[in-house]
Amino acid sequence: MALFRITSSRFIETAKICSPSVLLRHLSDASIDLKAILAAKIPKEAERIKNFRKQHGSSKVGEVTVDMMYGGMRGIKGLVCETSVLDPDEGIRFRGYTIPECQKLLPKAPCGAEPLPEGLFWLLITGDIPTEGQVKAISKQWAERAALPAHVVSLLNSMPNTVHPMSQLSAAVTVLNSESKFAKAYASGVHKSKYWEYVYEDSMDLIAKLPVVAATIYRNTFKEGSGIGAIDTSKDWSYNFTHMLGYDNPDFIELMRLYLTIHSDHEGGNVSAHTVHLVGSALSDPYLSFAAGMNGLAGPLHGLANQEVLVWLEKIRSQIGKTPTEDQLKDFIWKTLKSGQVVPGYGHAVLRKTDPRYTCQREFAEKHLPDDALYQLVSKVYKVVPPILQETGKVKNPWPNVDAHSGVLLQYYGLKEMNYYTVLFGVSRALGVLASLVWDRGLGLPIERPKSMSTDALMKAFKAS
Ligand code: CMX
């Protein structure tokens, strides 16, 4: 309704002075203005939540047990996240849409088959499936906002290539906060009802700049600092990113569109999403909040698992050979477990079935690289690992997650530097966590501060010792 008001008032104003074709252009200008659309949605949603809290603010959602407190807060429902919901059996839904539904409904590049991540961002931040025009407008904005300030370029160029790409990403994003419009507005005393507008501007800028940062890291670290080329403002985000990395195979660009779409969001409690939300709640600007999230993504139990999977597969190939038998694989997996290590790419804190992000990458492999030897190995591992993890009797989810499949696809297209893989995950994760951050400030969520207890105090509460 509010959106209609914005559109129709502009319509009436311009109706007095414009020809019909100009009127149509004004109408469509309003329909692609993401910030205006959010400006209409945020107060309505804030009002809906206010009324809900008035009625149900003291209703209970669940119980907290002692095991939950010592067990990584698993299962505690203590966060609100609008952008996506993770069902243990079904997997992720982005604003209610499954991955296959997103693949079908979101706009694609000309002649492309995979969704454009710009469309997923629009869906995450507005809740609506975007039109092609809306997605094109986002591609254009991101291309136009992509330039890096000189000090970030010189910081990246001064990094020795022994610094892990995720550390380079985190450092570059941290110092990019010199550009934060939110930090400047806050310092100049902007009213808190306006915070979200500056967080939105920073988020759009940061998403636009991330591929340039990430491609610079890649070319500096692995390709002897051989430049990244220019952004083409008529092309989409993934096209430009893949080209800046130095690749132009159209199938690889399609893979990147899929990759950057499916890694974007996994509801609110995972380490990277939760960290961005938590740090943002202190009103740290989006650059600082996102950098903090990237430091969490860089952990081997979270995003770095995509690197670990490739390291582990390479160990199999070097120790056993390129086509191990099932029995040889079983021995190797048991050896991994008995040496106190995890099988990377398997298991999940919430999922209890094969991750649909794994499945859609498997489908991509079936379509584009069915005979690839490494893909054959990944498929064999998929057959052999789950029964073994089940046999341990302790692993709650023996099935593969997203990280078990992403590396093999990148290897196939020539991006073989496995310690770069988590950076790609990070670029995608920006879409979800920054969409959420805009809403966090739009809804005026307070600083996050759960209560902790000492073991002594807990024991006292239950008269235990
Ligand atoms: N290999 C070996 N052991 C595993 C395992 C795996 N893949 N997954 C779980 N376990 C073990 C746990 O280490 C734990 O052992 P202890 O009781 O000895 O501490 C036990 O099984 C129970 O763990 P769980 O409840 O099943 O799993 P958690 O919720 O604690 O942890 C996760 C989830 C993802 C950290 C874990 O499954 C794991 O370490 N997997 C491998 C790393 C990985 O692929 N991470 C990527 C996840 C997706 C992402 O965030 O990108």
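Just so we're clear, the structure is a prediction, and the values are computed from it rather than from any experiment. (Residues numbered from 1 in each chain as written. Predicted model: local features only at pLDDT ≥ 70, side-chain atom pairs only at ≥ 80, totals over all residues. Heavy atoms only, no water.)

Attention now goes to the nonpolar core. Core analysis: the biggest nonpolar cluster contains 109 residues, and Phe 241, Leu 245, Leu 313, Leu 415 and Tyr 420 have the highest contact counts within it. Tallying contributions element by element places helix α11 (residues 195-222) first for this core, with 15 residues. Non-local contacts of Tyr 420, meaning those with residues more than four positions away in its chain, are made with Pro 165, Ala 214, Ala 215, Ile 217, Tyr 218, Phe 222, Phe 241, Leu 245 and Leu 415. (Core = buried A, V, L, I, M, F, W, Y, C linked by side-chain atoms within 4.5 Å. Buried < 20%, exposed > 50% of the residue type's maximum accessible area, 1.4 Å probe, protein only. Helix = DSSP H or I, 4+ residues; strand = E, 2+ residues; numbered from the N terminus. Contact = heavy atoms within 4.5 Å.)

Attention now moves to helix α15 (residues 286-297). Between its terminal C-alpha atoms α15 stretches 16 Å, which fits the 16 Å expected from 12 residues at 1.5 Å a residue. Within α15, burial applies to Pro 286, Tyr 287, Ser 289, Phe 290, Ala 291, Gly 293, Met 294, Gly 296 and Leu 297. Tucked into the core, α15 has its buried residues touching α9 (165-175), α10 (181-187), α11, α14 (271-281) and α21 (421-442). The backbone nitrogen of Tyr 287 lies 2.8 Å from a side-chain oxygen of the residue at the head of α15, namely Asp 285. (Expected span 1.5 Å × (residues − 1). Polar contact = N/O pair within 3.5 Å; in protein donor to acceptor, adjacent residues only side chain to side chain.)

With that out of the way, let us pick up the side chain of Ser 203. Structurally, Ser 203 is set in helix α11. Overall, Ser 203 belongs to the buried group, its relative accessible area being 1%. Among the polar contacts listed, one links the side chain of Ser 203 to the backbone oxygen of Val 199, at a separation of 2.7 Å. Among all residues touching Ser 203, those that are not within four sequence positions of it are Pro 286, Leu 434 and Val 438.

At a minimum axis separation of 11 Å, helix α20 (residues 403-412) and α21 run at an interaxial angle of 110°. By the angle between their axes, α20 is roughly perpendicular relative to α21. With respect to the hand of their crossing, α20 and α21 are arranged in right-handed fashion. Across the interface between the two elements, Asp 403, Gly 407, Leu 410 and Gln 411 of α20 pack against Tyr 421, Leu 424 and Phe 425 of α21. (Axes fitted to C-alpha atoms, helices over the stretch in contact; angles between N-to-C directions. Parallel < 35°, antiparallel > 145°, perpendicular 65-115°, else oblique. Left-handed = near helix turned anticlockwise from the far one by under 90°.)

On inspection of all chains with the given rule, the structure shows 17 salt bridges. Measuring nitrogen to oxygen at the nearest pair gives 2.8 Å for the salt bridge that ties Arg 145 to Asp 205. Here Arg 145, found in the loop between α7 (132-144) and α8 (150-158), pairs with Asp 205, found in helix α11; they are 60 residues apart in sequence, far enough to count as distant. Take Arg 145: its relative accessible area is 17%, and that puts it in the buried class. By relative accessible area, which is 7% here, Asp 205 ends up buried. The salt bridge partner of Lys 194 is Glu 197, with a shortest N-O separation of 3.9 Å. Note on Lys 194: relative accessible area 39%, which makes it partly exposed. It is possible to trace a salt-bridge network through shared partners that takes in Lys 35, Arg 145, Lys 181, Glu 201 and Asp 205. (Salt bridge = Lys/Arg side-chain N within 4 Å of Asp/Glu carboxyl O.)

Among the 20 residues in the neighbourhood of the ligand, the closest are listed as His 302, Gly 345, Tyr 346, Lys 394 and Asp 403. Within the side chain of Arg 74, a nitrogen or oxygen atom sits 3.1 Å from an oxygen atom of the ligand. Here an oxygen atom of the ligand and a side-chain polar atom of His 302 are 2.6 Å apart. Burial of the ligand by the surrounding chains reaches 76%, relative to a free accessible area of 900 Å². (Near = heavy atom within 4 Å. Areas by Shrake-Rupley, 256 points an atom, 1.4 Å probe, with all protein chains shown as cover.)

What follows concerns the packing of aromatic side chains. On inspection of all chains with the given rule, the structure shows 14 aromatic pairs. Ring centres 5.9 Å apart and planes at 50° place the aromatic pair Tyr 186 and Tyr 195 in the tilted group. Accessibility expressed as a relative area gives 12% for Tyr 195, which makes it buried. Connected via pairs of aromatic rings, a cluster forms that spans Tyr 218, Phe 222, Tyr 247, Phe 252, Tyr 412, Tyr 413 and Tyr 420. In this structure, Lys 235 is placed above the aromatic ring of Tyr 239, and the distance from its NZ or CZ to the ring centre is 5.0 Å. (Phe/Tyr/Trp six-rings, centres within 6.5 Å; stacked < 30°, edge-to-face > 60°. Lys NZ or Arg CZ within 6 Å of the ring centre and 35° of its normal.)

Per the stated rule, a full pass over the model turns up 5 cavities of 30 Å³ or more. Reported here for the largest cavity is a volume of approximately 200 Å³. In terms of lining residues, the largest cavity is bounded by 21 residues, among which Val 80, Cys 81, His 277, Ser 436 and Asp 440 are the most central. When contributions to the lining of the largest cavity are tallied by element, the ones reaching two or more residues are α14 and α21. Ranked by residues supplied to the lining of the largest cavity, first place goes to α21 with 7 residues. Looking at the lining of the largest cavity, its residues break down into 11 nonpolar, 6 polar and 4 charged. (1 Å grid on protein atoms, 1.4 Å probe; cavity = no way out; pocket = protein on both sides within 12 Å on 5 of 7 lines; lining within 4 Å. Points joined across faces, edges and corners; volume = space filled by probe spheres on them. Nonpolar A, V, L, I, M, F, W, Y, C, P; charged D, E, K, R; others polar.)

So, on to the UniProt feature "active site" (unreviewed entry) in the chain. Cross-referencing UniProt, the feature "active site" (unreviewed entry) maps to His 302, His 348 and Asp 403 in the present numbering. Across 102 residues in sequence, these annotated residues keep their C-alpha atoms within 10.8 Å of one another, forming a single compact spot. If you trace the backbone, His 302 turns up in the loop between α15 and α16 (305-319). Ignoring anything within four residues of it in the chain, the contact list for His 302 reads Asn 270, Val 271, Ser 272, Gly 296, Leu 297, Asp 403 and Arg 429. (UniProt positions renumbered as here; feature names shortened; annotations may be inferred.)

In this fold, Arg 257 is placed in helix α13 (residues 250-262). With 183 residues separating them along the chain, Arg 257 and Asp 440 place their C-alpha atoms 27 Å apart. Setting aside chain neighbours within four positions, we find Arg 257 in contact with Ala 109, Glu 114, Pro 115, Leu 116, Pro 117, Asp 236, Ser 238 and Tyr 239. A polar contact is formed between the side chain of Arg 257 and the side chain of Glu 254, at a distance of 2.7 Å.

Relative to the helices and strands, Thr 242 is located in helix α12 (residues 237-245). We classify Thr 242 as buried; its relative accessible area is 0%.

This brings us to a nonpolar patch on the surface. Taken together, Val 64, Val 66, Met 69, Tyr 70, Met 453 and Phe 462 make up a surface patch of nonpolar side chains, about 600 Å² in accessible area. Looking at the secondary structure, you find Phe 462 in the segment after α22 (455-461). (Patch = residues over 30% accessible without salt bridge, like charges linked within 9 Å, V, L, I, M, F, W, Y side chains within 5 Å.)

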